[in-house]
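The residues making up each chain are set out below.
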Amino acid sequence: MTESKKEVTIIVNGREKQYPKEEISFAEVVALAFANPSKDTMYTVTYKKGQSNKPEGVLVEGQSVKVKDSMIFNVTATNKS
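Keep in mind that this is a model prediction, so the values were computed, not measured.

## Focus on the pattern of salt bridges
Part 1 of the reasoning: Under the defined criterion, the tally for this structure stands at two salt bridges.
Part 2 of the reasoning: Among the ionic pairs, lysine 21 bridges to glutamate 28, the shortest N-O distance being 2.8 Å.
Part 3 of the reasoning: Owing to a relative accessible area of 25%, glutamate 28 belongs among the partly exposed residues under this scheme.
Part 4 of the reasoning: A salt bridge links glutamate 23 to lysine 66; its shortest N-O distance comes to 4.0 Å. Here glutamate 23 is found in strand S3 (residues 23–25), whereas its partner lysine 66 is found in strand S6 (residues 64–66), with 43 residues between them in sequence.

Right under this line is the structure:
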């Protein structure tokens with residue numbers, strides 16, 4: 001029998017969000033930050049207070065990272081040139 005992991009609270013662009021999984025992808029962080037992300041916009045995702053083996057860093061499209069309670073994500077949008 002597997003135990004289901006309880007939700008953790010993460011902070012995305014200063015707002016607390018409940019997240020039910022052990023990992024979060026670049027696309028999932030962007031979707032939490034922006035209700036309707038534009039395909040014409042590039043996003044930068046940075047994080048802090050992550051797992052001890054990688055407590056901070058940058059997520060790029062296609063990557064994911066393990067989440068922990070009180071982890072902080074900052075998502076910024078820039079237009080493609």
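Still more to cover.
## A closer look at the nonpolar core
Part 1 of the reasoning: Formed by 18 residues in total, the largest nonpolar core has its most connected members in Ile10, Ile24, Val45, Leu59, Val67, Phe73 and Val75.
Part 2 of the reasoning: Breaking this core down by element, the ones donating at least two residues are strand S1 (8–12), helix H1 (26–33), strand S4 (41–48) and strand S7 (72–79).
Part 3 of the reasoning: Top element by residues in this core is H1. It accounts for four residues.
Part 4 of the reasoning: Once you skip the residues sitting within four places of it in the chain, phenylalanine 73 turns out to touch Ile10, Ile11, Val12, Asn13, Ile24, Val29, Val45, Thr46, Tyr47, Leu59, Val65 and Val67.

## Quick look at H1
Part 1 of the reasoning: Considered for burial, the residues of H1 that qualify are Phe26, Val29, Val30 and Ala33. Across the axial projection of H1, the buried residues extend over an arc of 100 degrees, all falling on one side.

## Some points on the environment of proline 20
Part 1 of the reasoning: The topology assignment puts proline 20 in the loop between strand S2 (15–19) and S3.
Part 2 of the reasoning: Since its relative accessible area comes to 44%, proline 20 is described here as partly exposed.
Part 3 of the reasoning: In this structure, the C-alpha to C-alpha distance between proline 20 and leucine 59, residues 39 residues apart in sequence, is 19 Å.

## A closer look at the environment of threonine 44
Part 1 of the reasoning: Note that threonine 44 resides in strand S4.
Part 2 of the reasoning: Note: C-alpha distance between threonine 44 and alanine 77 (33 residues apart in sequence) is 6.5 Å.
Part 3 of the reasoning: Discounting residues that sit within four places of it in the chain, threonine 44 has contacts with Asn74, Val75 and Thr76.

Cut-offs used in this document
- Residues numbered from 1 in each chain as written.
- Predicted model: local features only at pLDDT ≥ 70, side-chain atom pairs only at ≥ 80, totals over all residues.
- Heavy atoms only, no water.
- Salt bridge = Lys/Arg side-chain N within 4 Å of Asp/Glu carboxyl O.
- Buried < 20%, exposed > 50% of the residue type's maximum accessible area, 1.4 Å probe, protein only.
- Helix = DSSP H or I, 4+ residues; strand = E, 2+ residues; numbered from the N terminus.
- Core = buried A, V, L, I, M, F, W, Y, C linked by side-chain atoms within 4.5 Å.
- Contact = heavy atoms within 4.5 Å.
- Arc of directions from axis to C-beta.

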